[in-house]
Structures are given as structure tokens and as C-alpha cells.
Amino acid sequence: MNSITPKPSKNFVAIDVEYANREQEICQIGLAVVQDLKITTSRCWNIQPFSNYDENYTRKHHMTEADTVDAPTLDDLWVNEIRPYFLMGQLWAHNAKSVEQRVMRKNLEEIGYNEDWLEILDSRDLYQRPDCKPNSGNGLQQCCMALGVPFDENEHHDAEYDALKCAEIVIAYAKGQQPDWNNVPKNEAELRKQSQVKHTLHLGEFEEYY
């Protein structure tokens, strides 16, 4: 654990943000509320970005203009719907340092909100791998695998789903659970290869019945 990372409290909110383009314009925010180390509710908002989608990002989260053309803007949602959740306690996100912290502040500043209080803690700091460089090999899926948390690759990058998985990781740490990094891929290429092998095996098993 990073020495400057606070210990998770029993009550916190895990969040995840997806964005539409290289300008990092938010198109989806998901969150999971944890009380007494139990997930009590989760929410998700599709958000109309300021401009168009970039296909490179669409390939990741599968969202397109059609998903948000009639959605409210962040300005419509922030004060009355989303912000109250963010004020409920500690905020956590997986990869918060490089994504959620910066992207949330950037998008809020662009609509006129300077939320200096907004601090999002990074759950990647909680579980560092001894066989990798700091903050390497411990992405969301990898941490879930190491902790035995069920993970559906098809749901990955849905903001609500990823927020729920982040919440489970933080809960596991708060309860003192230790990860088992054996057989957990160290990088994205290994993850993709493992996923392809699993998919091939699944198809083979499926074909046996026909």
C-alpha cells in the first residue's frame, strides 16, 4: 500500500467515469454506495458529451452518439443528482490518479464548477504486485482475479459495473483480504490472450452438444 493512501472507511462511494473522445468529455458516470462495508445501491448516468465521439473510445466502452443524443448534460445532472452522492464520504476509483480525478475536475471546470474539495482516492494503490513495477499489472480485472471477485469481461467499461468492482476491491482491502497474484496476467496482452483461450474453450464445449 502507498503510505499516503488513507485507509478505506466503512462508508464510501466508488465511482467510474467513461469519456467519449481524446478531449476526455464524459459520456457516462457510474457509482456504488458502500455503507458498513456493504454495497447498498448503485447508479449510472449516460451524459451528453460536449462534442462528438471518437471511434477509438467507442471500441472500448461501446457507447455511441445514439446512447446520449437525448441524455442530459453534466451541467443538468451535477448539482442535484450526482454531487450529493460524491459528498457522502470517501471517494474511490480504480485508476483515479490518471483518469477520474483529472477528468472529473476538467469537465466540471468547463461547465463552471470549481470543486476544490473533490479528491478521489485510487484503489490501485491498495494492492501493489511484488512481481511488477508500481501501479503495473494491477488493473481492475487483474485485482478482481487476484481477490477472487467475479468479473465479466463483457461488462467491463460500463461505468456502473466498474464502480461496483472497484467497491468490491476496496471492501476486500478493508476486511484484510490478501490477493493471490499467481496465474494473474501481468499486462493487457496477456489478459487478451487468456480471454481468447477461454472463449475458444467455451466455443468448443458449446459445439460438443450439437
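Everything numeric here is computed off the predicted structure, so don't read it as measured data.

### Thoughts on the overall build of the protein
Okay, so step 1: When helices and strands are counted, the protein shows seven helices and five strands.
Okay, so step 2: Taken from N to C terminus, the helices and strands of the protein fall in the order β-β-β-α-α-α-β-α-β-α-α-α.
Okay, so step 3: Across its three principal directions, the C-alpha atoms of the protein cover 55 × 45 × 30 Å.
Okay, so step 4: Put simply, the protein has 210 residues, and 45% of those count as buried.

### What about the nonpolar core?
Okay, so step 1: Ranked by size, the top nonpolar core spans 26 residues in total, and within it Ile29, Ile82, Phe86 and Met104 carry the most contacts.
Okay, so step 2: Looking at this core, the elements with two or more residues in it are β1 (12–19), β2 (26–35), α3 (74–86), β4 (90–93) and α4 (100–110).
Okay, so step 3: For this core, the element with the highest residue contribution is α3, accounting for six residues.
Okay, so step 4: Ignoring anything within four residues of it in the chain, the contact list for Ile82 reads Ile29, Trp45, Ile47, Leu74 and Leu77.
Okay, so step 5: Formed by 25 residues, the second largest nonpolar core is a distinct cluster that contains Ala32, Val34, Tyr127 and Cys166.

### A short note on the layout of surface pockets
Okay, so step 1: The calculated volume of the largest pocket comes to roughly 1100 Å³.
Okay, so step 2: Together, 37 residues line the largest pocket, and Gln141, Phe151, His156, His157 and Glu188 are the ones closest to its centre.
Okay, so step 3: Taken together, the elements giving at least two residues each to the lining of the largest pocket come down to β1, α1 (55–61), α5 (140–147), α6 (159–174) and α7 (188–207).
Okay, so step 4: Here the lining of the largest pocket gets seven residues from one element, more than from any other, and that element is α7.

### Notes on the sheet that holds β4
Okay, so step 1: With mixed pairing, the five strands of this open sheet are ordered in space as β3-β2-β1-β4-β5. Across the chains shown, the open sheet's two edge strands, defined by having one partner strand only, are β3 (38–46) and β5 (121–122).
Okay, so step 2: For β2 and β3, the ladder comprises eight bridges, and the chain directions are antiparallel. Residue pairing in the sheet places Gly30 in a bridge with Cys44 of β3.
Okay, so step 3: Across the face of the sheet, α3 comes into contact with β1, β2, β3 and β4 while running at roughly 175 degrees to β3.

### Structural notes on the packing of α3 against α4
Okay, so step 1: At a minimum axis separation of 11 Å, α3 and α4 run at an interaxial angle of 135 degrees. On the basis of their axis angle, the class for α3 and α4 is oblique. For the element pair α3 and α4, the recorded crossing hand is left-handed. Two secondary-structure elements touch here, α3 through Leu74, Trp78 and Phe86 and α4 through Met104, Asn107 and Leu108.

### Topic: the state of the cysteines
Put plainly, a disulfide is one covalent bond tying together the sulfur atoms of two cysteines.
Okay, so step 1: Taken as a whole, this structure holds zero disulfides when the rule is applied.
Okay, so step 2: Not part of a disulfide, Cys132 finds its nearest cysteine sulfur in Cys143, a span of 11 Å.
Okay, so step 3: Free of any disulfide, Cys143 has its nearest cysteine sulfur in Cys144, 7.2 Å distant.
Okay, so step 4: Take Cys143: its relative accessible area is 1%, and that puts it in the buried class.

### A closer look at the environment of Lys106
Okay, so step 1: Note on placement: Lys106 falls in helix α4.
Okay, so step 2: For Lys106, a relative accessible area of 27% corresponds to the partly exposed category.
Okay, so step 3: Spatially, the C-alpha atom of Lys106 lies 34 Å from that of Asp131, the residues being 25 residues apart in sequence.
Okay, so step 4: Ignoring anything within four residues of it in the chain, the contact list for Lys106 reads Glu23 and Gln24.
Okay, so step 5: Only 2.6 Å separates the side chain of Lys106 from the backbone oxygen of Glu23, close enough to count as a polar contact.

Cut-offs and rules
Residues numbered from 1 in each chain as written. Predicted model: local features only at pLDDT ≥ 70, side-chain atom pairs only at ≥ 80, totals over all residues. Heavy atoms only, no water. Helix = DSSP H or I, 4+ residues; strand = E, 2+ residues; numbered from the N terminus. Buried < 20%, exposed > 50% of the residue type's maximum accessible area, 1.4 Å probe, protein only. Core = buried A, V, L, I, M, F, W, Y, C linked by side-chain atoms within 4.5 Å. Contact = heavy atoms within 4.5 Å. 1 Å grid on protein atoms, 1.4 Å probe; cavity = no way out; pocket = protein on both sides within 12 Å on 5 of 7 lines; lining within 4 Å. Points joined across faces, edges and corners; volume = space filled by probe spheres on them. Pairing = 2+ DSSP bridges. Axes fitted to C-alpha atoms, helices over the stretch in contact; angles between N-to-C directions. Parallel < 35°, antiparallel > 145°, perpendicular 65-115°, else oblique. Left-handed = near helix turned anticlockwise from the far one by under 90°. Disulfide = S-S within 2.5 Å. Polar contact = N/O pair within 3.5 Å; in protein donor to acceptor, adjacent residues only side chain to side chain.

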